[in-house]
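This is what each chain is made of:
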Amino acid sequence: MLLHIPQVLNSAELLELRKLLASANWADGKVTAGTQSEQVKRNIQLLETSAEAEQARQIVLKALSRNALFFSAALPKKIYPPLFNQYREGMDFGAHIDNSVRTHAISGMHVRTDISCTLFIADPESYEGGELVIEDTYGHQMVKLPAGDMVLYPGTSLHHVRPVTRGARLASFFWIQSMIREDAQRTLLFDMDAAIATLREQVGDNAAVIRLTGNYHNLIRMWADT
Ligand SMILES: O=C(O)CCC(=O)C(=O)O
Ligand SMILES: [Fe+2]
């Protein structure tokens, strides 16, 4: 499932993040790349150990924790501490698939990358190019979202970021290990959760809706790895 989640960050958080990112130290993005992706990765990243990076991470994690749509779609077990990247004029990231398990340099936490996420921080009018192109079963999806919005897509997807030809593209990116490992099962649960929410609004919690909600939870019980 490829999902656009609007307005994950509010305007105060966006301002705060841009301020932090403007004053922080940036390093070559190859520092967190594997041996294949380092050959095609041309961007810069916030140093994970800086105080600004810690503050920025907390802003993103707090925003995720209040987002019901994110929770329903990702059913997160572990969230890799968010990273921040920037593509200035001429920078891009060629086609690659993210490493399957990432070990966080500071905490040593292992995260299986079931889901990849990009949270857009720069205003799309402020830069040209920089689309995230995700290859899925239905072809290429070009993603360039308003500031504060995020895209979530299967970690198994081949993807690339097109060259930025003007301005700078700022984003946070991270991975999720889901309680539900398989994308197809997660997608089914997400659809079911949305349908149950609509039914509850339309007809309330009648006996059938209660049974259906039970079915949703029973599927999670059957599939979840917690
Ligand atoms: O900048 C992005 O949107 C994606 C970055 C990416 O694919 C990666 O770091 O693996
Ligand atoms: Fe990637």
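Quick notes on the rules
- Residues numbered from 1 in each chain as written.
- Chains lettered and ligands numbered in written order.
- Predicted model: local features only at pLDDT ≥ 70, side-chain atom pairs only at ≥ 80, totals over all residues.
- Heavy atoms only, no water.
- UniProt positions renumbered as here; feature names shortened; annotations may be inferred.
- Helix = DSSP H or I, 4+ residues; strand = E, 2+ residues; numbered from the N terminus.
- Pairing = 2+ DSSP bridges.
- Expected span 1.5 Å × (residues − 1).
- Contact = heavy atoms within 4.5 Å.
- Polar contact = N/O pair within 3.5 Å; in protein donor to acceptor, adjacent residues only side chain to side chain.
- Domains from an automatic or database assignment.
- Buried area = accessible area lost by both parts, 1.4 Å probe.
- Salt bridge = Lys/Arg side-chain N within 4 Å of Asp/Glu carboxyl O.
- Nonpolar A, V, L, I, M, F, W, Y, C, P; charged D, E, K, R; others polar.
- Buried < 20%, exposed > 50% of the residue type's maximum accessible area, 1.4 Å probe, protein only.

Looking up the protein in an unreviewed UniProt entry gives the name 2OG-Fe(II) oxygenase, with the organism given as Methylovorus glucosotrophus.

**Here's the deal with the UniProt feature "domain: Fe2OG dioxygenase" (unreviewed entry) in the protein**
The UniProt record annotates "domain: Fe2OG dioxygenase" (unreviewed entry) at residues 78-178. Across residues 78-178, the secondary structure splits into 0% helix and 57% strand, with the terminal C-alpha atoms separated by 7 Å.

**Thoughts on the sheet that holds strand E7 (residues 92-96)**
The strands making up a sheet associate through backbone hydrogen bonding, with each pair oriented either parallel or antiparallel. Taken in spatial order, the five strands of this open sheet run E3-E7-E15-E12-E13, and their pairing is antiparallel. The sheet is open, and its two edges are formed by strand E3 (41-42) and strand E13 (139-143), each paired on a single side. With two bridges connecting them, E7 and strand E15 (residues 158-161) associate as antiparallel partners. The residue bridging Phe93 from the neighbouring strand is Val161, located in E15.

**Some thoughts on helix H5 (residues 207-223)**
Side chains that are three or four residues apart share a direction in an α-helix, a result of its 3.6 residues per turn. With 17 residues, H5 should reach 24 Å at 1.5 Å per residue; the first-to-last C-alpha distance of 25 Å fits that figure. Here the buried face of H5 lies against helix H4 (183-203). The distance from a side-chain oxygen at the start of H5 to the backbone nitrogen of Ala208 is 3.1 Å, and the residue carrying that oxygen is Asn206.

**A short note on the domain arrangement of the protein**
The figure often quoted for interface size is the accessible area lost as the parts come together. Under the domain assignment, the protein is made up of domain 1 (3-178) and domain 2 (183-223). When each unit is reduced to the centre of its C-alpha atoms, the spacing between domain 1 and domain 2 is 30 Å. Counting from both sides, the interface comprises ten residues of domain 1 and, opposite them, seven residues of domain 2. Overall, the association of domain 1 and domain 2 removes approximately 620 Å² of surface from exposure, summing both partners, and the carbon and sulfur fraction of that is 64%. Taken together, domain 1 and domain 2 are joined by zero salt bridges. If you look at where domain 1 meets domain 2, you find two residue pairs in polar contact (both at pLDDT 80 or more). For the side of domain 1 that touches domain 2, the element with the most residues is helix H3 (residues 68-74), which contributes four residues. A per-class count over the side of domain 1 that touches domain 2 returns seven nonpolar, two polar and one charged.

**Structural notes on the pattern of salt bridges**
Here the structure, examined in full by the defined rule, presents eleven salt bridges. A salt bridge links Arg166 to Glu128, with the shortest nitrogen-to-oxygen separation between them at 3.2 Å. Residue Arg166 is found in strand E16 (residues 164-166), and its partner Glu128 is found in strand E11 (residues 128-129); the two are separated by 38 residues along the sequence. Overall, Arg166 belongs to the partly exposed group, its relative accessible area being 37%. Of the residues examined, Glu128 reaches a relative accessible area of 40% and is grouped as partly exposed. Each of Lys77, Arg112, Asp114 and Asp225 takes part in one network of salt bridges that share partners.

**Re the UniProt feature "binding site: Fe cation" (unreviewed entry) in the protein**
As recorded in UniProt, the feature "binding site: Fe cation" (unreviewed entry) lies at His96, Asp98 and His159. These annotated residues cover 64 residues of sequence, and their C-alpha atoms lie no more than 8.7 Å from one another, placing them together at a single site. Within the secondary structure layout, His96 lies in strand E7. Given a relative accessible area of 8%, His96 falls into the buried group. Setting aside its immediate chain neighbours within four residues, His96 contacts Ser37, Ser157, Leu158 and His159.

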